[in-house]
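Residue strings, one per chain:
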Amino acid sequence: MVFLPMNAPFPNPPPPAQKTAARTAPESPHALPAAAKPEIGLANAGKVKQLLAAAKGKVVVINVWATFCIPCIEEMPELAQFYKDRDPKRVEFISLSADPLYSLDDAVKPFAAEMELPFPIHVLDELPPDDLLGVLGAASTGWGGELPATFILDSSGTLKKFWPERVHLKDL
């Protein structure tokens, strides 16, 4: 588990030059075709609010993760399966990456392609954990920024479940 301070943006991993070869290697031959690759963009507080508003009336599963977090990497295949199996009319899945912005092209995009992630990914843009809790209405969790973290909001937007650790498909 990775711990992050409450009032600070998510930390930066080593600069790109120090990243491991696995993160800078060419895309896997099993990567999704270009047309099937997920949308990857930035998300500040306004964007997260917009995503939640668009999911109004649905159960919302929000996962916060990073490419430098081992438990986050381990849970990705199960989250991808959940995304594929869910009823999109009733359940929305929001993936929030805590990777630093400079790693969008050299870590997040290659990771998404290698893992064949089917869902859109929103890289948090200077949104500290305590601010994210406010946007999610999840201050009661006491979440301190540990990664991974998964929140489930019911169809009225009320927090129903929270995991400050790796989540499993059977739990969702």
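Residues numbered from 1 in each chain as written. Predicted model: local features only at pLDDT ≥ 70, side-chain atom pairs only at ≥ 80, totals over all residues. Heavy atoms only, no water.

### A short note on the overall build of the chain
The cut-off we apply is this: The helix and strand labels rest on DSSP assignments: H or I over at least four residues marks a helix, E over at least two residues marks a strand, and numbering proceeds from the N terminus. When accessible area is computed with a 1.4 Å probe and restricted to protein chains, residues below 20% of their type maximum are described as buried, those above 50% as exposed, and intermediate ones as partly exposed. Whether two residues are in contact is decided by their heavy atoms, any of which lying within 4.5 Å being enough. Using a 1.4 Å probe, accessible areas were evaluated by the Shrake-Rupley method; residue-level cover was limited to the displayed protein chains.
Regarding its fold elements, the chain presents 5 helices and 6 strands. Going from N to C terminus, the chain has its helices and strands arranged as α-β-α-β-α-β-α-β-α-β-β. In the chain, which comprises 172 residues, the proportion classed as buried is 47%. Sequence-distant contacts in the chain: of pairs separated by 6 or more residues, those separated by 24 or more amount to 75%. By element, 55% of the accessible surface of the chain is carried by carbon and sulfur atoms, the whole surface being about 8,400 Å².

### Brief notes about the pattern of salt bridges
Defined as follows: Here a salt bridge means any side-chain nitrogen of Lys or Arg lying within 4 Å of a carboxyl oxygen belonging to Asp or Glu.
As enumerated under the stated definition, the model contains 6 salt bridges in all. Across the salt bridge formed by R166 and E74, the nearest N and O atoms sit 3.7 Å from each other. Taken together, the residues span a long stretch of sequence, with R166 in the segment after β6 (159-163) and E74 in helix α3 (residues 70-85) at a distance of 92 residues. Accessibility expressed as a relative area gives 40% for E74, which makes it partly exposed. Note that D154 is salt-bridged to K160, the shortest N-O span being 3.8 Å. Judged by relative accessible area, K160 falls into the exposed class, the value being 56%. Shared partners join several salt bridges into a network, and the residues in it are E74, E78 and R166.

### Some points on the nonpolar core
General note: in soluble globular proteins, nonpolar side chains tend to be found buried as a group. Going by this rule: Residues belong to one nonpolar core when they are buried, are Ala, Val, Leu, Ile, Met, Phe, Trp, Tyr or Cys, and are joined through side-chain atoms within 4.5 Å.
Ranked by internal contacts, the top residues of the largest apolar core, which has 48 residues, are V48 and F151. Those residues in contact with V48, other than ones at most four positions away along the chain, are A43, L96, L124, L127, L132, V135 and L136.

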